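# Analysis of the macromolecular model
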Amino acid sequence: MSRGLLEVLRFFLLALVWLFVAYALRTTVAELRRGRVLRLARAGGAEAGGGVANPLVARPSARLRVLEPAEQRGQVIPLTSELTVGRAPSCAFVLTGDGFASSVHARVFPRDGEVWVEDLGSTNGTYVNEQRLDAPVRLRRGDRLRIGRTVLEVAR
């Protein structure tokens, strides 16, 4: 091989190593942030807009209905208390087979008789009516919640 080609390959390899390091750091920061958000959520969520924790009760008729994926279409999830959504088995609603969802992706929770959703530092984001969340958002009847490739509709 020529000396010039070896130099190009060496720089290419160095660039790949730096990309790997950057990706590893990004993933580590995201996981640390997710853990911090989960701790805050469990403690009452002052930073997540919850203020002082108080007993919350959602409307008993509030629920989420699965629209996508097709094999889960029609499944209904009642919203009577806080609900975590993600791929992890510890989530209240597990998104099996959705590679675009994070382990603990989002939480849906009642506050003052209304239903809210909050992204928990997910990699691909949480969307309500195709708008990416950057803060907790109140859900209304007919809203579409997208987590990974899973689409849920708010029904009351």
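What comes next concerns the included structure. Numbering of residues starts from 1 in every chain and runs along the sequence as written. For a predicted model such as this one, the threshold for reporting local features is a pLDDT of at least 70, and the threshold for listing and counting side-chain atom pairs is 80 or more; totals across whole chains, interfaces and linings nevertheless cover every residue. Processing note: side-chain calculations cover all non-hydrogen atoms of the structure and skip hydrogens and water entirely.

## Examining the nonpolar core
When a protein is soluble and globular, its nonpolar side chains tend to lie buried together. Selection criterion: Residue types Ala, Val, Leu, Ile, Met, Phe, Trp, Tyr and Cys, when buried and joined through side-chain atoms within 4.5 Å, form a set referred to as a nonpolar core. Classification of residues uses two cut-offs on accessible area relative to the type maximum, computed with a 1.4 Å probe and protein chains only: under 20% is buried, over 50% is exposed, and between them is partly exposed. Working definition: helices are DSSP H or I runs of at least four residues, strands are E runs of at least two. Numbering for both runs from the N terminus. Contacts are residue-level and defined by heavy atoms, with any inter-residue pair within 4.5 Å sufficient.
Ranked by internal contacts, the top residues of the largest apolar core, which has 21 residues, are L64, L83, F93, V108, V117 and L145. Mapped onto this core, the elements with two or more residues apiece are β1 (63–68), β3 (83–86), β5 (106–111), β6 (114–119), β10 (144–147) and β11 (150–155). When neighbours within four sequence positions are excluded, F93 is seen to be in contact with V66, Q75, I77, L83, T84, V85, G86 and L152.

## Concerning the pattern of salt bridges
Inclusion rule: Put simply, a salt bridge is a Lys or Arg side-chain nitrogen that is within 4 Å of an Asp or Glu carboxyl oxygen.
Considering all chains together, one arrives at six salt bridges under this definition. For R107, the salt bridge goes to E82, with nearest N and O atoms at 2.7 Å. Of this pair, R107 sits in strand β5 while E82 is found in the loop between β2 (76–78) and β3, placing the two residues 25 residues apart along the sequence. Residue R107 is classed as buried on the basis of its relative accessible area, which comes to 5%. Among the residues examined, E82 registers a relative accessible area of 38% and is labelled partly exposed. A salt bridge links E130 to R146, with the nearest nitrogen and oxygen atoms 3.0 Å apart. Of this pair, E130 sits in the loop between β7 (126–128) and β8 (131–132) while R146 sits in strand β10, and the two are 16 residues apart along the sequence. When salt bridges that share partners are traced, they join E82, R107 and E118 into one network.

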